[in-house]
Amino acid sequence: MTEDSSADVDFSGALLRLGESDPNAAAVKAKEELDSLDSVTLNIAVTGEAGAGKSSFINALRDLSDEDDNSAPTGLTETTKEATMYTHPTKPNVRLWDLPGIGTPNFKANKYLKDVKFETYDFFIIISSERFKENDVYLAKEIQKKQKRFYFVRNKIDNDIRSAANGKINEQQLLCTIREDCYRNLKEVGNPKVFLISSFDLGKYDFENLVGTLESELSDHKGFALVQSLPVYSLAMLEKKKALLEKFSWLAALASSACTLVPNQIMSLIADNAILIAYLIGCHYVLGLNEKSLKQLSERTNKPVSQLKLAIKSPVSLAVLDRMRISPMAKPVKSLEDLLDSKNLAANVRNAKDAFTNSHTNLIRALNEMIKDMRQVLQVAGLDK
C-alpha cells in the first residue's frame, strides 16, 4: 500500500493502488489489507526506575485508570519482576510491555536487553519522573547499537507544576528548565528525543508531539494501529484519528463494492452490509464513542456519563451504541442495516464502480457524523480547547 492513500481516491485509483485491474481480485486484496490493519502487531516496551510511572503510563495508553480490572499494578516500589505484556482492551494487536527497571537485582545492566527479549519490541519508551540517570543512558546507548528506536519520557510533569505553583517561576519557564535538565543528563546519547508528559492528562504538554513522532517513524500499518488504540483526549487527537480513518476508508468501500457482482441480490446485500457495518463499528470504538470509553472520559473529567451521551445525536452513532448495548436504548433507533439499506449502497447498484463511489461517499458521511458527535462530547467534557 502506498503512503499517500487518501479519502478522495476514485475507483480507478483504488484498483491502481492495489495493482489489480479486475474488480473481484481488487476487492479480495482490499479486504485482506483491511484485515491486516487490525491484525498487525505493535509491541511497545516501557521501562524505567521504580516510581517513574511506567504502569500509569501503560494504563493511560490503554484508556484505563489505575484502579480498573486488568490495569497494570502501580506502586512506588518495583512492582514489575519480569517483562509483562498488557494488551489493549479493544485493539489486542497493540501490546504494551511493562519491563523491569534496568539495574534491578534480577536484571543487571550488562544482560538487560537479552533478559527482556529485546527483539520482541518495535521501540522503547524510557520513563523517568525525576532526572534521567546512568542506567537510562546506558540502556539507550545499547538500544542504539542494535539500531532500534527509543524515546525518553519525563513523566509526572503535573506534579512538578503543582510543586512550583507557589514559587516565582511560571509554567513555561519550569517546562523549559526541566527539558534543559533532561538534555544535559542525556548528552552522552547524542541528540535524544525527550517528551514531557503527565499520564493523568494526556491532552497537555508533549504527549501530542510524542504520538506524532511515533506515528511518523512507524510503518503505515503500525502507525495506524497506534493511533487507533489511543484514547481521544483532545480535539487534536480526534482530528488525527479522523485523518487516518478517512485515509483507509476506500479499502472498506472497495471490499464491499465487488459484492455487486454476486448474482444473488440478497447475498450481495448481506455481504456488502457486513463489511461496511464492521468498518463503522470499528470507527465508533476508535473515536471513543463506545460506552467504556465514555465512562473513562467521564471519570477523567468529572462529567456525568449521561451528559456525555446526550451529545451523541447522529443516527449512525446511536445505531452502533444500540447494537453494542446489552439492553435496548430508551428511545428506539434505526438499525445499522436499515440505515445502510436506505442509502442506496453497493448492493443496490449495477456495477462495482458506482457501488464503490456510493459506499465511499456514505462511509465518509457516516464518519463525519461520528466525528461531529465526538466533538460535541469533548465540548461537554471541557476538552475542546
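Structure shown above.
Below: a short report on this structure. (Residues numbered from 1 in each chain as written. Predicted model: local features only at pLDDT ≥ 70, side-chain atom pairs only at ≥ 80, totals over all residues. Heavy atoms only, no water.)

What follows deals with the overall build of the protein. When its secondary structure is counted, the protein shows 16 helices and 6 strands. Here the protein holds 385 residues, and 52% of them are scored as buried. Across the protein, the fraction of contacts at a sequence separation of at least 24, relative to all contacts at a separation of at least 6, is 68%. When the accessible surface of the protein is split by element, carbon and sulfur atoms take 51% of a total near 18,100 Å². (Helix = DSSP H or I, 4+ residues; strand = E, 2+ residues; numbered from the N terminus. Buried < 20%, exposed > 50% of the residue type's maximum accessible area, 1.4 Å probe, protein only. Contact = heavy atoms within 4.5 Å. Areas by Shrake-Rupley, 256 points an atom, 1.4 Å probe, with all protein chains shown as cover.)

A few words on the packing of helix α9 (residues 220-229) against helix α10 (residues 235-257). At their nearest, the axes of α9 and α10 sit 10 Å apart, and the two run at 135° to each other. Accordingly, the angle class assigned to the pair α9 and α10 is oblique. You can see that α9 and α10 cross each other, and the crossing is left-handed. Contact with α9, carried on its side by Asp-220, Gly-223, Phe-224, Val-227, Gln-228 and Ser-229, involves Met-237, Lys-240, Lys-241, Leu-244, Leu-245, Lys-247 and Phe-248 of α10 and no other residues of that element. Tallied by class, the residues present in the contact of α9 with α10 amount to 6 nonpolar, 3 polar and 4 charged. (Axes fitted to C-alpha atoms, helices over the stretch in contact; angles between N-to-C directions. Parallel < 35°, antiparallel > 145°, perpendicular 65-115°, else oblique. Left-handed = near helix turned anticlockwise from the far one by under 90°. Nonpolar A, V, L, I, M, F, W, Y, C, P; charged D, E, K, R; others polar.)

This part is about the nonpolar core. For soluble globular proteins, the rule of thumb is that nonpolar side chains tend to be buried together. Ranked by internal contacts, the top residues of the largest apolar core, which has 86 residues, are Phe-57, Ile-125, Phe-207, Leu-210, Leu-254 and Val-377. Formed by 29 residues, the second largest nonpolar core is a distinct cluster that contains Leu-99, Ala-140, Cys-182 and Leu-196. (Core = buried A, V, L, I, M, F, W, Y, C linked by side-chain atoms within 4.5 Å.)

The next point concerns the side chain of His-221. For His-221, the position within the fold is in helix α9. At 3.3 Å, the side chain of His-221 and the side chain of Glu-33 are in polar contact. (Polar contact = N/O pair within 3.5 Å; in protein donor to acceptor, adjacent residues only side chain to side chain.)

Looking now at the pairing of strand β4 (residues 123-128). Of all 6 residues that make up β4, 6 are buried, and the element is covered over most of its length. Of the two faces of β4, both are covered, the one formed by Phe-123, Ile-125 and Ile-127 as well as the one formed by Phe-124, Ile-126 and Ser-128. Sheet topology places strand β1 (residues 42-48) next to β4; 5 bridges connect them, and they run parallel. The residue bridging Thr-47 from the neighbouring strand is Ile-126, located in β4. Pairing of β4 with strand β5 (residues 149-154) involves 6 bridges; the strand directions are parallel. (Pairing = 2+ DSSP bridges.)

Let's shift gears to α10. Its 23 residues give α10 an end-to-end C-alpha distance of 32 Å, which sits within 8% of 33 Å, the value for a rise of 1.5 Å per residue. Along α10, the helix axis deviates most sharply at Phe-248, where the bend reaches about 35°. The buried count for α10 comes to 19 of 23 residues, which makes it a mostly enclosed element. (Expected span 1.5 Å × (residues − 1). Bend = angle between axes of the 7 residues up to and from the residue.)

Attention now goes to the environment of Ala-25. Within the element layout of this structure, Ala-25 appears in helix α2 (residues 23-39). Taking the C-alpha atoms as reference points, Ala-25 and Leu-15, separated by 10 residues in sequence, lie 9.2 Å from one another.

Taking 1.5 Å as the rise per residue, helix α7 (residues 171-185) with 15 residues should run 21 Å; its terminal C-alpha atoms sit 21 Å apart, in good agreement. Those residues of α7 that sit buried are Leu-174, Leu-175, Ile-178, Asp-181 and Cys-182. Seen from one end, α7 has its buried residues packed into an arc of 125°, which puts them on one side. Against β5, α6 (157-163) and β6 (194-196) lie the buried residues of α7. Between the side-chain oxygen at the start of α7 and the backbone nitrogen of Gln-172 there is a gap of 3.2 Å, and the oxygen is on Asn-170. (Arc of directions from axis to C-beta.)

Even without being a glycine, Lys-156 presents a positive backbone phi close to 60°. Position of Lys-156 among the secondary structure elements: in the loop between β5 and α6. With phi around 65°, Tyr-205 is a residue other than glycine that occupies positive phi space. Structurally, Tyr-205 is set in the loop between β6 and α8 (207-217). Looking at Tyr-205, the relative accessible area reads 22%, which means it is partly exposed.

Time to look at the pattern of salt bridges. Under the defined criterion, the tally for this structure stands at 21 salt bridges. The residue Asp-160 makes a salt bridge to Arg-154 at a minimum N-O spacing of 3.0 Å. Among the charged side chains, a salt-bridge network with shared partners connects Arg-131, Asp-181 and Arg-184. (Salt bridge = Lys/Arg side-chain N within 4 Å of Asp/Glu carboxyl O.)

Attention shifts here to the packing of α10 against helix α16 (residues 352-381). With their axes 8 Å apart at the nearest point, α10 and α16 run at an angle of 160° to one another. In terms of their interaxial angle, α10 and α16 are classed as roughly antiparallel. Note on packing geometry: the crossing formed by α10 with α16 is right-handed. Its residues placed into classes, the contact of α10 with α16 shows 16 nonpolar, 6 polar and 4 charged.

Moving on, we come to the sheet that holds β4. Pairing is mixed in the open sheet, where 6 strands are placed in the order β2-β3-β1-β4-β5-β6. Of all strands in the sheet, those with a lone pairing partner are β2 (84-87) and β6, marking the two edges. Neighbour-to-neighbour, the strand axes of the sheet open up by a mean angle of 25°, direction not taken into account. Lying on the sheet, helix α5 (residues 134-145) is in contact with β1, β4 and β5; it crosses β5 at an angle near 160°.

Right, let's talk about the environment of Glu-369 for a bit. Inspection of the secondary structure puts Glu-369 in helix α16. Sequence-wise, Glu-369 and Ser-314 are 55 residues apart; in three dimensions their C-alpha atoms are separated by 6.0 Å. Excluding anything up to four places from it in sequence, Glu-369 contacts Ser-314, Pro-315 and Val-316.

Purely geometric stuff here, so don't read any function into it on its own.
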